[in-house]
Amino acid sequence: KFVDVEIVPGLLLVETVVASAPVRMQYTRLICSLMSFIFGYTADPTPEHPPMDLAQSMAALDSMDPDDVDAEVVEWADAALQTGVAGHLGQKMMAALAWVRPKYRRGGEAALPRSRVGVLALVRRSPGHTRLPLPEPVVMAMACRMAALLGGEAGRNLGLCVLLAHHLYLRPGELARMRWEW
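Let us look at the structure shown here. No experiment lies behind these values; they were computed from the predicted model shown.

Rules used throughout
- Residues numbered from 1 in each chain as written.
- Predicted model: local features only at pLDDT ≥ 70, side-chain atom pairs only at ≥ 80, totals over all residues.
- Heavy atoms only, no water.
- Helix = DSSP H or I, 4+ residues; strand = E, 2+ residues; numbered from the N terminus.
- Buried < 20%, exposed > 50% of the residue type's maximum accessible area, 1.4 Å probe, protein only.
- Contact = heavy atoms within 4.5 Å.
- Areas by Shrake-Rupley, 256 points an atom, 1.4 Å probe, with all protein chains shown as cover.
- Core = buried A, V, L, I, M, F, W, Y, C linked by side-chain atoms within 4.5 Å.
- 1 Å grid on protein atoms, 1.4 Å probe; cavity = no way out; pocket = protein on both sides within 12 Å on 5 of 7 lines; lining within 4 Å.
- Points joined across faces, edges and corners; volume = space filled by probe spheres on them.
- Nonpolar A, V, L, I, M, F, W, Y, C, P; charged D, E, K, R; others polar.

1. Details of the overall build of the protein chain
Helix and strand content of the protein chain: nine helices and zero strands. Ordering the α and β elements of the protein chain from the N terminus gives α-α-α-α-α-α-α-α-α. In the protein chain, which comprises 182 residues, the proportion classed as buried is 30%. Here the contacts in the protein chain between residues at least 6 apart in sequence split such that 59% fall between residues at least 24 apart. Of the accessible surface of the protein chain, which amounts to about 12,000 Å², a share of 60% is contributed by carbon and sulfur atoms.

2. Some thoughts on the nonpolar core
Formed by 32 residues in total, the largest nonpolar core has its most connected members in Leu34, Met35, Leu61 and Leu97. Sorting the residues of this core by element identifies α2 (21–38), α3 (54–63), α4 (66–83), α5 (88–100) and α6 (113–125) as the ones contributing at least two each. Per-element accounting of this core gives the leading share, seven residues, to α2. The contacts of Leu61, once residues within four sequence positions are left out, are Met35, Val69, Leu97, Val100, Arg101 and Tyr104.

3. Some points on the layout of surface pockets
Where empty space is left can be seen by rolling a probe of water-molecule size over the atoms. Reported here for the largest pocket is a volume of approximately 340 Å³. Lining the largest pocket are eleven residues; nearest its centre among them are Pro133, Ala165, His166, Tyr169 and Leu170. Mapped by element, the contributors of at least two residues to the lining of the largest pocket are α7 (136–150) and α8 (152–168). In terms of residues, the lining of the largest pocket owes the most to one element, α8, which gives three residues. Residue composition of the lining of the largest pocket, by class: eight nonpolar, one polar and two charged.

Purely geometric numbers; function is a separate question.
Below, the structure written as structure tokens:
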């Protein structure tokens, strides 16, 4: 059943399969990108600097002092914040480190305290995920349908609220606090 599972160097099969296959792939990419960042590889691999594979990344990670790993993860989080990387990747990076080396878990012998603070700052300060607004015809159809269902002045007000919320990017709470004064 586990014939096609690539075992992470330094982990047993049971430790490797704790994470699902898509999560393992994502963690592997994150660890390889962190180690490439630490060793100065560019985002665009070249023949002189090919991307680090998992075995190279694990060997490099094992050769580093935990305090150096902590400092490098903070540097990575700082660079990620400055380039606008989504904040959730910091948490995934910490989870990936804890997965490949249990000593980097929160209660482990090398808990990476500076990294946890840096990742928390990355999560809090990075921009959230943006969502595309509804297409204009859909918003118009919603407003008209709601106005028709309610009817009268209440229907017109509801339709107007839907249009205002869409055009002003109002949150539901802001829309609920809106008062009509003529």
